[in-house]
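Close look at the chain arrangement
Chain residues, written in single-letter form:
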Amino acid sequence: RANTRCCYEPLEVCAYMADLHVGDVFVGHRIDGLAGRGGMGVVYRATHLGLERTVALKVITPALAEEEDFRGRFVAESKAAASIEHPNVIPVYYAGEREGVLFIVMRFIDGPDLRALVRAQGPLDPERAAHIVAQVGAALDAAHAHGLVHRDVKPANVLLGDDDHAYLTDFGLTKRS
């Protein structure tokens, strides 16, 4: 089992996280830095060593990973998210488990999430907001076409790339309709 440590973050963020540091190698990926934290885990900016490609490596909170019900849902939801091929859905490359640690590997977007953007810049002008919302709607249409309901659409789950290209991410609360 991977080392764990208390991360001393607010309770809604995590109780314990896999202990990965810059330079560590986990499932063929070198950890390059911390990309973000959420209720389900930690996202690292990492390099896939075989392809020399930057990816986002999400490591699930060990406390969640120990729950059998959660483990089953994680596998099903990872497959469901990976099945959606759409320009506004974050591509999932693969997911799995190593030494009791659940993980998911997806495209790394080098840009802010919508929550961070609004916090930094304030309300968006209507045209820009409509452009982003239309992309999120298109991503939801694609999910619905696959029989999936996202259930956690919020600004923090909308990543923005170049030219405000929006990517819907975190299908962790997805369910089949």
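Let me begin by describing the structure that accompanies this report. (Residues numbered from 1 in each chain as written. Predicted model: local features only at pLDDT ≥ 70, side-chain atom pairs only at ≥ 80, totals over all residues. Heavy atoms only, no water.)

Let us now look at the overall build of the protein. Counting its secondary structure elements, the protein contains four helices and twelve strands. Counting over 177 residues, the protein shows a buried share of 45%. Partitioning the contacts of the protein with sequence separation of at least 6, the portion at a separation of at least 24 is 53%. Accessible surface computed for the protein: about 9500 Å², of which carbon and sulfur atoms make up 52%. (Helix = DSSP H or I, 4+ residues; strand = E, 2+ residues; numbered from the N terminus. Buried < 20%, exposed > 50% of the residue type's maximum accessible area, 1.4 Å probe, protein only. Contact = heavy atoms within 4.5 Å. Areas by Shrake-Rupley, 256 points an atom, 1.4 Å probe, with all protein chains shown as cover.)

As summarised here, the arrangement of the six strands in space is S3-S4-S5-S6-S8-S7, forming an open sheet in which the pairing is antiparallel. Strands at the two margins of the open sheet, each flanked by one partner only, are strand S3 (25-26) and strand S7 (92-98). Bridging between S7 and strand S8 (residues 101-107) involves six bridges; their strand directions are antiparallel. Bridging from a neighbouring strand, Arg-98 pairs with Val-101 of S8. (Pairing = 2+ DSSP bridges.)

Here the focus is the packing of aromatic side chains. Two numbers describe a pair of aromatic rings. These are the distance of the centres and the angle of the planes. Following the criterion strictly, the structure yields two aromatic pairs and no others. When the ring of Phe-26 is compared with that of Phe-103, the centres are 5.6 Å apart and the planes differ by 80 degrees; the resulting orientation is edge-to-face. Note that Phe-26 is positioned in strand S3 and Phe-103 in strand S8, a separation of 77 residues in sequence. The exposure class assigned to Phe-103 is buried, which follows from its relative accessible area of 5%. Ring centres of Tyr-94 and Phe-103 lie 6.3 Å apart, and the angle between their planes is 90 degrees; on these two criteria the pair is classed as edge-to-face. A relative accessible area of 31% places Tyr-94 in the partly exposed class. (Phe/Tyr/Trp six-rings, centres within 6.5 Å; stacked < 30°, edge-to-face > 60°.)

Counting buried positions over the eight residues of strand S6 (residues 53-60) gives six, a clear majority of the element. With eight bridges connecting them, strand S5 (residues 41-48) and S6 associate as antiparallel partners. Paired with Arg-45 across the two strands is Ala-56, which belongs to S6. Counting the residues that bridge the hairpin from S5 to S6 gives four residues, and of these Glu-52 lies at a positive phi of roughly 50 degrees. Pairing of S6 with S8 involves five bridges; the strand directions are antiparallel. Its bridge partner being in S8, Ala-56 is matched across the sheet by Met-106.

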